[in-house]
Amino acid sequence: MQAGRPNSSSSVSPPDPNIDAVAYTPTQMGSTYNPRTNDAQRLSPDSYGGRYGGERDLPHGILGDAVADGVLGDGTGDDLGGQGNGADEEDDGDGKKKLKGIVSGMSTTQWLARKHGVKGRRTMYLVYYLPFLNWITQYRWSYLQGDLIAALTMASFYIPMSLSYASNLGHIPPINGLYSFVFNPLIYAFLGSCPQMVVGPEAAGSLLVGTVVRSSVDQGHIGDDDDAMNAVVAGVVTGMAGAAIFVAGLTRLGFLDSVLSRPFLRGFISAIGFVIVVDQLIPEMGLSKLAKHTEGVGHGSSLEKVIFLVENVTHAHGLTCGVAFGSFAIIMVCRQLKRYIQPRYPSVAYIPDRFIVVVLSAVFTWRLGWDKKGLEILGNVESSTGSPFSFRWPFVPSHMHHVREAMSTSFLIALLGFFESSVAAKSLGGGEGRPSEGIQGMSLSANRELVALGVANIVGGCFMALPAFGGYGRSKVNASTGGKTPMSSIILSLITVICVLFLLPYFYYLPKAVLSAMISVVAYSLIEECPHDIRFFVRIRGWSELALMFLIFAATIFYSLPLGIALGVGLSLLSVIKHSTKPRIQILGKVPGTQDQFENAEYNPQSLEFIEGCLIVKIPEPLTFANTGDLKNRLRRLELYGTTAAHPSLPRVRAPEHNKNIIFDVHGVTSIDGSGTQVLTEIVDGYVDRGERVFFCRVPKSNHPVYKTFEKSGIVGRCGGPGHFVKNVNEALRMTEIVEIGEFYRDHPEQGGA
């Protein structure tokens, strides 16, 4: 049975008489905290937490708690030997220090930490922002086997894929695809907040890099066969994408993954899948050389490429088609078999089917001399600079024309990559499971994910790698094959380094048709979820979402990928702006047979009672400059029609006498900015000038910033004083009667003496 609520005296009195009551908010004071101690052991039932009552000083207000406390110290003498600010402390008899009174320059975090005896009050910030220091101290040798097997499995799947992404989609040397698995997983293992997520290149991001490379070729900035400059352009795109999300992380823009709507993402990703399938059909049919010499095909739209394929199907190379479509069929069959068998036999996830296809195709090509029969092979895989790892800072003045071309595409790569990483991280979770499940205490943070992915891609851009983000499929492979910690990402990076330094010659006979087939499988996975989403939106009659999906898909297919990007991002941003600027005010009616229950009267007005002479308006959200611009017009529609859904061309249908008393239910107005205050003041002034009475109900208390703003702006005075600010709608209705009777006797004094 749970304990009852404590009485007021026990909940407000500080447990220590030396602590100023003003500074106290109920919390457990006596326990000693060790960061590795279980919460159940550390916390007692009366641990309520709380907030420090002192004022925030300038350093904390500008720099935030982490920098102000972690770098400057907590202001009271920290556990690293720093000097305090002269705060009074005394020993409680157990060797622990207790604060006496309110201390200036202390944050709530540090106040709680000191009261709970938390050790390492400065270093806890470092552990939070550098998760490596958290998980490496918890690492056990028993985790190594699972991490090693997971890394080997991922390497067998995704190292050949990275070669495909680089050469077929990014139009850069294949080795640059490997760089994405050398640097990015390693850096994410140090900075990322999701232990089981593995970052690497993705089909969508690689294709977008390829569009920038092709655009630079079309504009004459680089040559079509200049691998070195192609790699430089890819490095610029990757570096810019990394810089964009790194800055977003520092400025706490972790909500950006919600900017792009689901219909846009589904339409755009499905279009990317279609574009990739069409692009890969050209090398899969052995038509690459013919396409290169056919004007308008290599850099044309998907529609032009489909027409080219239909017209030249008779020129397809038989051996290339057999190898490509045979590899595609084998991988797809294995994929479906794994889905069917894996629930009963989980160990089938360890079978590296794609790696086997790659190895066998290379062996057959070498032994049977397929390369001499017209089958294109990967050939020498080497760096365009001659060094295995060549460092080039992407943001130099000579690359500015590439920066301008890549600006919008890099931003979209960052947004799409972060969105997919967020989906993967939220699905996998942080270290919050049972102790036996691996790393503990690594809470997910969207802003830290942005910083980790940003740093990883900035470093990757310096080595001309493809953009790399967290992938749900890749991370699930890691988790399902035994990976429990970020050590699997570190091992994957080491395997890739070994591959770059020692195993590149063995890729010589790898058929390009097999790489194209592997990419086509990925493209198919991008498209296969689209029918499900279409059926869902049809079922709920989401015609606007379907229209957005098909519009983006058609623009990408029939014109170009950049147009699809611009159209999709533009429409998504317009949708967000429209939603945020639309006031969601409601007219309320009374539920018959109740005393104080009111509901939105717009949906079913016949079942509610309207109060004669009163317009009851509910404002269910904070008022800001964004949503108050149209507030006057929306209120005017309520006055004229009793709804905001009616077209303004309709003549007035609501009698003016029903608007003599305006009651605002502002329970949802938890904050209000200057612009919102100004608009609301003008609205109140307009009602008062027309002789209408204004009341506010469910207003925050008098010490709340919203009420203080009402007072300072003159709203309280214009309404008639604090008496017009009441607890609920019923009380406001009674106030309208009282005020109306008072005004009647004021205007008819002879009636008062009757």
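Residues numbered from 1 in each chain as written. Predicted model: local features only at pLDDT ≥ 70, side-chain atom pairs only at ≥ 80, totals over all residues. Heavy atoms only, no water.

Trainee: Can you tell me about the pairing of strand 9 (residues 693–697), naming the residues and giving the values?
Mentor: Among the 5 residues in strand 9, 5 count as buried, and that is most of the element. Side-chain alternation along strand 9 places Arg693, Phe695 and Cys697 on one buried face and Val694 and Phe696 on a second face that is also buried. In the sheet, strand 8 (residues 661–665) pairs with strand 9 via 5 bridges, with the strands oriented parallel. Bridging across to strand 9, aspartate 665 finds its partner in cysteine 697. Of the crossover connections in this fold, the one passing from strand 8 over helix 26 (residues 674–689) to the parallel strand 9 is right-handed. Relative to strand 10 (residues 725–726), strand 9 runs parallel, the two being bridged by 2 bridges. Bridge pairing links phenylalanine 696 to phenylalanine 725 in strand 10. (Buried < 20%, exposed > 50% of the residue type's maximum accessible area, 1.4 Å probe, protein only. Helix = DSSP H or I, 4+ residues; strand = E, 2+ residues; numbered from the N terminus. Pairing = 2+ DSSP bridges. Right-handed = clockwise from strand over helix to strand, strands pointing away.)

Trainee: Report on the packing of helix 12 (residues 262–284) against helix 15 (residues 318–341), specifying residues and quantitative values.
Mentor: Relative to each other, helix 12 and helix 15 sit at 135 degrees, their axes nearing to 9 Å. With respect to each other, helix 12 and helix 15 are oriented oblique. Counted together, Leu281, Pro283 and Glu284 of helix 12 and Thr320, Cys321, Ala324 and Phe325 of helix 15 form the full contact between these two elements. In terms of residue class, the contact of helix 12 with helix 15 is built from 5 nonpolar, 1 polar and 1 charged. (Axes fitted to C-alpha atoms, helices over the stretch in contact; angles between N-to-C directions. Parallel < 35°, antiparallel > 145°, perpendicular 65-115°, else oblique. Contact = heavy atoms within 4.5 Å. Nonpolar A, V, L, I, M, F, W, Y, C, P; charged D, E, K, R; others polar.)

Trainee: I'd like to hear about the side chain of arginine 448, residue by residue, with values.
Mentor: With respect to the secondary-structure elements, arginine 448 resides in helix 18 (residues 446–462). One buried charged residue, arginine 448, remains without a salt bridge, the closest side chain of opposite sign being glutamate 449 at 6.9 Å. With sequence-adjacent residues up to four places away left out, arginine 448 is seen in contact with Tyr128, Tyr129, Pro131, Leu191, Ser193 and Ser443. (Lys, Arg positive; Asp, Glu negative; His and termini not counted. Salt bridge = Lys/Arg side-chain N within 4 Å of Asp/Glu carboxyl O.)

Trainee: Outline the packing of aromatic side chains, listing residues and values.
Mentor: Applying the stated criterion across every chain, the model contains 22 aromatic pairs. Here a set of aromatic residues connected by ring pairs shows up, and it is made of Phe664, Tyr687, Phe696, Tyr707, Phe710 and Phe725. Directly above the ring of tyrosine 158 sits arginine 474, whose terminal nitrogen or CZ lies 5.6 Å from the centroid. (Phe/Tyr/Trp six-rings, centres within 6.5 Å; stacked < 30°, edge-to-face > 60°. Lys NZ or Arg CZ within 6 Å of the ring centre and 35° of its normal.)

Trainee: Before we move on, can you summarise the layout of surface pockets with the specific residues and values?
Mentor: Looking at the second largest pocket, its volume works out to about 1600 Å³. Lining the second largest pocket are 45 residues, and of these Glu420, Tyr472, Gly473, Arg474 and Ser525 sit closest to its centre. Looking at the lining of the second largest pocket residue by residue, the class counts come to 23 nonpolar, 9 polar and 13 charged. (1 Å grid on protein atoms, 1.4 Å probe; cavity = no way out; pocket = protein on both sides within 12 Å on 5 of 7 lines; lining within 4 Å. Points joined across faces, edges and corners; volume = space filled by probe spheres on them.)

Trainee: Which residues make up helix 18, and what values do they have?
Mentor: An ideal rise of 1.5 Å per residue puts 24 Å on 17 residues; helix 18 measures up with 24 Å between its terminal C-alpha atoms. Taken across its 17 residues, helix 18 has 12 buried, putting it largely inside the fold. Of the residues making up helix 18, those classed as buried are Arg448, Glu449, Leu450, Ala452, Leu453, Gly454, Ala456, Asn457, Ile458, Gly460, Gly461 and Cys462. Following helix 18 by one or two positions, methionine 464 adopts a phi angle in the positive range, close to 60 degrees. (Expected span 1.5 Å × (residues − 1).)

Trainee: Which residues make up helix 12, and what values do they have?
Mentor: An ideal rise of 1.5 Å per residue puts 33 Å on 23 residues; helix 12 measures up with 32 Å between its terminal C-alpha atoms. Within helix 12, 17 of the 23 residues are buried, which leaves it mostly tucked inside the rest of the structure. Phi for glycine 286, located one or two positions after helix 12, is positive at around 70 degrees.

Trainee: Could you give me a rundown of the side chain of glutamate 692, with the residues and numbers involved?
Mentor: Looking at the secondary structure, you find glutamate 692 in the loop between helix 26 and strand 9. For glutamate 692, a relative accessible area of 14% translates into the label buried. When near neighbours in sequence (up to four residues on either side) are disregarded, glutamate 692 contacts Asn659, Lys660, Ile662 and Tyr687.

Trainee: Describe in detail unusual backbone geometry, supporting the description with residues and values.
Mentor: For histidine 171, which is not a glycine, the phi torsion comes out positive at approximately 55 degrees. On the secondary structure map, histidine 171 appears in the loop between helix 7 (142–169) and helix 8 (175–182). For histidine 171, a relative accessible area of 24% translates into the label partly exposed. One non-glycine residue, arginine 698, lies in the positive phi region at around 55 degrees. Here arginine 698 is to be found in the loop between strand 9 and helix 27 (705–713). Judged by its relative accessible area of 31%, arginine 698 falls in the partly exposed class.

Trainee: Hey, could you go over the packing of helix 7 against helix 8 for me, with residue numbers and the actual values?
Mentor: It is at 7 Å that the axes of helix 7 and helix 8 come closest, and there the two elements cross at 130 degrees. Put simply, helix 7 runs oblique to helix 8. Relative to helix 8, the crossing made by helix 7 is right-handed. Between helix 7, through Tyr158, Ile159, Ser162, Leu163 and Ala166, and helix 8, the contact on the second element is made entirely by Gly177, Leu178 and Phe181. Class assignment for the residues of the contact of helix 7 with helix 8 results in 6 nonpolar, 2 polar and no charged. (Left-handed = near helix turned anticlockwise from the far one by under 90°.)

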